[in-house]
Amino acid sequence: MISRTVVTSFRLAVVGLLAATAISVVTAAEHPALTTLDGDAVSLDDYQGKSVLLNFWATWCGPCRKEMPELSHLAERLDPEKAVVLGVAADEMDGVAAFIAEVPVAYPIVVGDPDQLFMWSAELGNFVQGLPFSVLLDESGDPVWVKMGELEFDELDEVMSSYMGSAE
């Protein structure tokens, strides 16, 4: 299990790296417009007091599609009062809606302007602006863990047990 001390040390190293490269760490309040598949506006403020695993993805991204069933299984195991998985689609609304209709997931999906989402993901640590990209926000909306590329779920379970509701 990863201790809070190790994760906090990593977090401080990331924050230092970001400061050194003149890229600021953003908080939950500083994000582009997000819309549910039903057309409702969503703000990360809606998840205030919860840890949020943001998973940036697109329908055309093979590794993104591959990790979605495991993310869905993870979302089902979380305590919804403490944590949520949020899929952030950097894609067109119609394509995302059609994909999710065929491959449903157990976590909310939001869509935003791809250019703005890639800029936001870069501010969160996605320096190469690739997909998939995941970032864990703590209850205050601060990034505490980032992962570029396909998720390794054993590692993610350890991180989440430190910051989120039960993922057992």
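As the structure is a computational prediction, the values presented were derived from the model and not from experiment.

Rules behind the numbers
- Residues numbered from 1 in each chain as written.
- Predicted model: local features only at pLDDT ≥ 70, side-chain atom pairs only at ≥ 80, totals over all residues.
- Heavy atoms only, no water.
- Helix = DSSP H or I, 4+ residues; strand = E, 2+ residues; numbered from the N terminus.
- Buried < 20%, exposed > 50% of the residue type's maximum accessible area, 1.4 Å probe, protein only.
- Contact = heavy atoms within 4.5 Å.
- Areas by Shrake-Rupley, 256 points an atom, 1.4 Å probe, with all protein chains shown as cover.
- pLDDT = per-residue confidence, 0-100.
- Pairing = 2+ DSSP bridges.
- Axes fitted to C-alpha atoms, helices over the stretch in contact; angles between N-to-C directions.
- Disulfide = S-S within 2.5 Å.

> I'm lost on the overall build of the chain in this one. Help?
For the chain, the helix and strand inventory stands at five helices and seven strands. Along the chain direction, N to C, the helices and strands of the chain fall in the order α-β-β-β-α-β-α-β-α-β-β-α. Taken over 168 residues, the chain has a buried fraction of 48%. Within the chain, counting contacts between residues at least 6 apart in sequence, those at least 24 apart form 68% of the total. Entry remark: accessible area of the chain is about 8200 Å², with carbon and sulfur atoms responsible for 53%.

> Help me understand the environment of Leu34 in this model?
The residue Leu34 is located in strand 1 (residues 34-36) in this model. Between the C-alpha atom of Leu34 and that of Leu44, which follows or precedes it by ten residues, the distance is 8.9 Å. Residues in contact with Leu34, not counting those within four places in the same chain, are Asp40, Ala41, Val42, Val88, Val110, Val111, Leu117 and Trp120.

> Explain the confidence of the model for the chain to me, please; I cannot follow it from the model alone.
Detailed reading of predicted coordinates is not advised where the pLDDT is low. Residue-level pLDDT values for the chain average 84, and 80% of them are 70 or greater. Within the chain, no element has a lower average pLDDT than helix 1 (residues 4-20), which sits at 43, and none a higher one than strand 5 (residues 109-111), at 98. Below pLDDT 50 for its whole length, residues 1-26 participates in 31 contacts with residues either more than four positions away or in separate chains.

> So what exactly am I meant to see when it comes to the sheet that holds strand 7 (residues 143-148) here?
Neighbouring strands of a sheet are bound in pairs by backbone hydrogen bonds; such pairs are parallel or else antiparallel. Taken in spatial order, the seven strands line up as 2-1-5-4-3-6-7 in an open sheet, and their pairing is mixed. The outermost strands of the open sheet, each flanked by one partner alone, are strand 2 (41-42) and strand 7. Pairing between strand 3 (residues 51-57) and strand 6 (residues 133-137): five bridges, direction antiparallel. Within strand 6, the residue paired with Phe56 across the bridge is Phe133. Where helix 3 (residues 93-102) meets the sheet, its contacts fall on strand 1, strand 3, strand 4 (83-89) and strand 5, and the angle it forms with strand 5 comes to roughly 165 degrees.

> Is there a simple way to think about unusual backbone geometry in this case?
Residues other than glycine predominantly adopt negative phi, and peptide bonds predominantly adopt the trans conformation. Following Leu131, the chain continues into Pro132 via a peptide bond in cis, with omega recorded as -5 degrees. Within the secondary structure layout, Pro132 lies in the loop between helix 4 (114-123) and strand 6. In the Ramachandran plot, Gln129 falls in the positive-phi region, its phi being about 55 degrees despite a non-glycine side chain. Structurally, Gln129 is set in the loop between helix 4 and strand 6. The exposure class assigned to Gln129 is partly exposed, which follows from its relative accessible area of 39%.

> Mind showing me how you'd approach the pairing of strand 6 here?
The two faces of a sheet get side chains in turn, since along a regular strand they alternate between them. Of all five residues in strand 6, five are buried; the element is thus mostly enclosed. Burial along strand 6 is two-sided: Phe133, Val135 and Leu137 and Ser134 and Leu136, pointing in opposite directions, are all buried. Pairing between strand 6 and strand 7: five bridges, direction antiparallel. Paired with Ser134 across the two strands is Lys147, which belongs to strand 7. The antiparallel hairpin formed by strand 6 and strand 7 contains five residues in its connecting segment, where Gly141 sits at a positive phi of about 90 degrees.

> Mind showing me how you'd approach the state of the cysteines here?
Counting across every chain of the model gives one disulfide. There is a disulfide in this structure between Cys61 and Cys64, and the S-S distance comes to 2.3 Å. On the sign convention where negative means left-handed, the S-S torsion of about 80 degrees between Cys61 and Cys64 marks this disulfide as right-handed. Each member of the pair, Cys61 together with Cys64, is buried.

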